[in-house]
Structures are given as structure tokens and as C-alpha cells.
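Descriptive analysis of the structure
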Amino acid sequence: MFRLRQVALVAHDLDAVVTELCDTFGLTICFHDPGVAEFGLHNALMVIGDQFLEVVSPTTDGTTAGRLLDKRQGDGGYMAIYECDDLDDRMAHLAEHDVRVVWAGDFPTIRGRHLHPRDVGGALVSIDQPVPNGSWTWAGPSWQAHRDDSVVAGIAGVTVGANDIAAMASRWRELDIDRAVEFVQAGERGEGIDGVDLVAADRSRCGEVHDICGVTFRLV
């Protein structure tokens, strides 16, 4: 099992972006994770189905997220987090393909590995194995109570801008992480997560487009 479980955005103004997302898609905050302080960030998570939309914002100088804000000249996509049930096997495969790990966390209820974006291409990718499968420590102890599928019911995928679409698609396929992702030509802001597709609960709303936090959200 390997599936997209969480998408993170990075914003200068955390509260403003979270408010816009909640108002637009009928979401509520399910958790503020104190653990992201390790990365010089604060955050907010919102549940969509059993997947999660996260917004992070730097609280200190010199963070990876802050450098991305500067590099891409504003808010945008930050990370794609995948859930798996075979982390050790996947990490062995990634090591065979020269993928470095920039952060590793091992906790009783979840293990996670952040992959070096230069070795993957297009985005910061994390591969995480929760215990048990389907749980999600990063979203706090009561995320299920915040679930509201009245507007959106899931995250269908992300769109990643690439300078060389074929090369990046081939690399993700080689690493066996090419799930729920579409590659498009990168714009003037450079490579990165530029779009998120959300499953519309009301099928008549399919096709709606909302630009929030430097990302194009499409209801599909």
C-alpha cells in the first residue's frame, strides 16, 4: 500500500491562508503540531476525508520552508507525504537509487523519512508508515471528529511543475513514488507543487478552480 495522505503548503501568513482554505472548502483545524518547531515552523492541519491539508509558516530565519518562499517568490506548495506499509523495503529501494534522507523520525505510532528534493525532483517528499495503518499521528488525537465531507471528500492528487516533464516523471516512476501526481511544465516560479485536486462532494461543483496560497485548487 502506498498512497498520498497529506499535502503541505508554505505561507508567509499562516492564519490568513488557513482561514481562506477553511472558508472555501468547509474545513476546520484539527491540530497544531508542536513537533514542527524542530524545523523552525508552526502549522495547522485540516482533515479532508481521511487525508490532510497542512499549512506551515516559518517562525525563525534560515528554515527550508523560508528558503522555498524566497526561491519561489511567495506562498506555494511545500511537501507531499505518502503513507506506506513497507517503509524499510521502500527505503532500501530508494538507497539503491541514491536518494538521500534529510530527516528521519521513529516514534511508537509512526515512522517517517523526508527525501532530499534534489534526489527526487519537484517537491519535498516524505514516506511515512503509521502504526496501525490508517492512523495518522501528525494530525493529532482527535482528527476524526473534525471530518466534514460536505464540500470536499478527499485529496485526489497534486500537480508538480517540472523543467523537464519527461525526466521528472521517469525519476518518480523509477523511485516507485509516482502516485496521485501529475507533472506539468514549470512556470516562471520554477519547479514545485503548483496544484492540488480535491474530490468534490457535490458533483455539480466539479471543475471549480480556486487559487489559494500560490496553489491552484481544482474540484474534481
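These remarks concern the structure in this document. On a predicted model such as this, the values are computed, not experimentally measured, just so you know. (Residues numbered from 1 in each chain as written. Predicted model: local features only at pLDDT ≥ 70, side-chain atom pairs only at ≥ 80, totals over all residues. Heavy atoms only, no water.)

1. Some words on the overall build of the protein
Heads up, the rule is: Starting at the N terminus, helices and strands are each numbered in turn, a helix being any DSSP run of H or I of at least four residues and a strand any DSSP run of E of at least two. Here the radius of gyration uses the C-alpha set of atoms, whereas the globule reference equals 2.2 Å times the residue count to the power 0.38. The classification of residues rests on relative accessible area computed with a 1.4 Å probe and restricted to protein chains. Under 20% of the type maximum is buried, over 50% is exposed, and intermediate values are partly exposed.
When helices and strands are counted, the protein shows five helices and 13 strands. Radius of gyration (C-alpha) of the protein: 16 Å, near the 17 Å computed for a compact globule of 220 residues. Once the C-alpha set of the protein is aligned to its principal axes, its extents read approximately 45 × 40 × 40 Å. Counting the 220 residues in the protein, one finds 52% classified as buried.

2. Overview of the nonpolar core
Put simply, the test is: What is meant by a nonpolar core is a set of buried Ala, Val, Leu, Ile, Met, Phe, Trp, Tyr and Cys residues, joined one to another through side-chain atoms within 4.5 Å. Whether two residues are in contact is decided by their heavy atoms: any pair within 4.5 Å suffices.
In this structure, Leu 21 and Phe 217 are the most contacted members of the largest nonpolar core, which totals 51 residues. In terms of residue count, helix H1 (residues 14-25) provides more of this core than any other element does, six residues in total. Excluding its chain neighbours within four sequence positions, the residues that come into contact with Leu 21 are Leu 9, Gly 26, Leu 27, Met 46, Leu 53, Val 55, Ile 212 and Phe 217. Membership of the second largest hydrophobic core comes to 22 residues, among which are Ala 8, Ala 65, Trp 103 and Leu 124.

3. Description of the pattern of salt bridges
Definition in use: The term salt bridge refers to a pairing of a side-chain nitrogen on Lys or Arg with a carboxyl oxygen on Asp or Glu at a separation within 4 Å.
A complete count under the given rule lists 17 salt bridges for this structure. Of the charged contacts in the structure, one is a salt bridge between Arg 113 and Asp 106, with a shortest N-O distance of 3.1 Å. Two residues, Arg 179 and Asp 178, come together in a salt bridge whose shortest N-O distance is 3.2 Å. With relative accessibility at 27%, the residue Arg 179 sits in the partly exposed group. Beyond isolated ion pairs, a larger network of salt bridges with shared partners links Asp 86, Arg 90, Asp 176, Asp 178 and Arg 179.

4. Looking at the side chain of Gln 51
This is how it is decided: Definition of a polar contact: a pair of N or O atoms within 3.5 Å, with one able to donate and the other able to accept a hydrogen when the atoms are protein atoms, and with sequence-neighbouring residues admitted only if both atoms are side-chain atoms.
Summarising the element assignment, Gln 51 is placed in strand E4 (residues 51-58). A polar atom in the side chain of Gln 51 sits 2.8 Å from the backbone nitrogen of Ile 155.

5. Thoughts on the sheet that holds strand E11 (residues 192-200)
Worth spelling out the cut-off: When DSSP finds two or more bridges between a pair of strands, those strands are recorded as paired. Orientation is described by axes fitted as lines to C-alpha atoms, over the contacting stretch for helices, and by angles from 0 to 180 degrees between their N-to-C directions.
The strand order E10-E9-E11-E13-E12 describes an open sheet built from five strands, whose pairing is mixed. On the outer flanks of this sheet lie strand E10 (181-185) and strand E12 (209-212), each paired with one strand and no other. Sheet twist, expressed as the average angle between the axes of neighbouring strands with direction ignored, equals 25°. By the bridge criterion, eight bridges tie strand E9 (residues 152-162) to E11 in an arrangement that is antiparallel. Opposite Val 152, over in E11, you have Ala 200 as the bridge partner. Packing against the sheet, helix H5 (residues 165-174) makes contact with E9 and E10, and its axis sits at approximately 160° to E10.

6. Considering unusual backbone geometry
Peptide bonds are mostly trans, and most non-glycine residues show a negative phi. In the segment running from Val 131 into Pro 132, the intervening peptide bond is cis, with an omega of 0°. By the element assignment, Pro 132 lies in the loop between strand E8 (124-130) and E9. The backbone of Cys 213 sits at a positive phi, close to 55°, despite the residue not being glycine. On the secondary structure map, Cys 213 appears in the loop between E12 and strand E13 (215-219).

7. Describing the environment of Arg 218
In this structure, Arg 218 sits in strand E13. Apart from the residues lying within four places of it in its own chain, the contact partners of Arg 218 are Thr 159, Glu 182, Val 196, Asp 197, Leu 198, Glu 208 and Val 209.

8. Examining the state of the cysteines
As used here, a disulfide is simply a covalent bond connecting the sulfur atoms of two cysteines. The following threshold applies: Note on terminology: pairs of cysteine sulfur atoms within 2.5 Å are recorded as disulfides.
Under the definition given, this model contains zero disulfides. Here Cys 30 is not disulfide-linked; the sulfur of Cys 22 is the nearest cysteine sulfur, at 9.6 Å.

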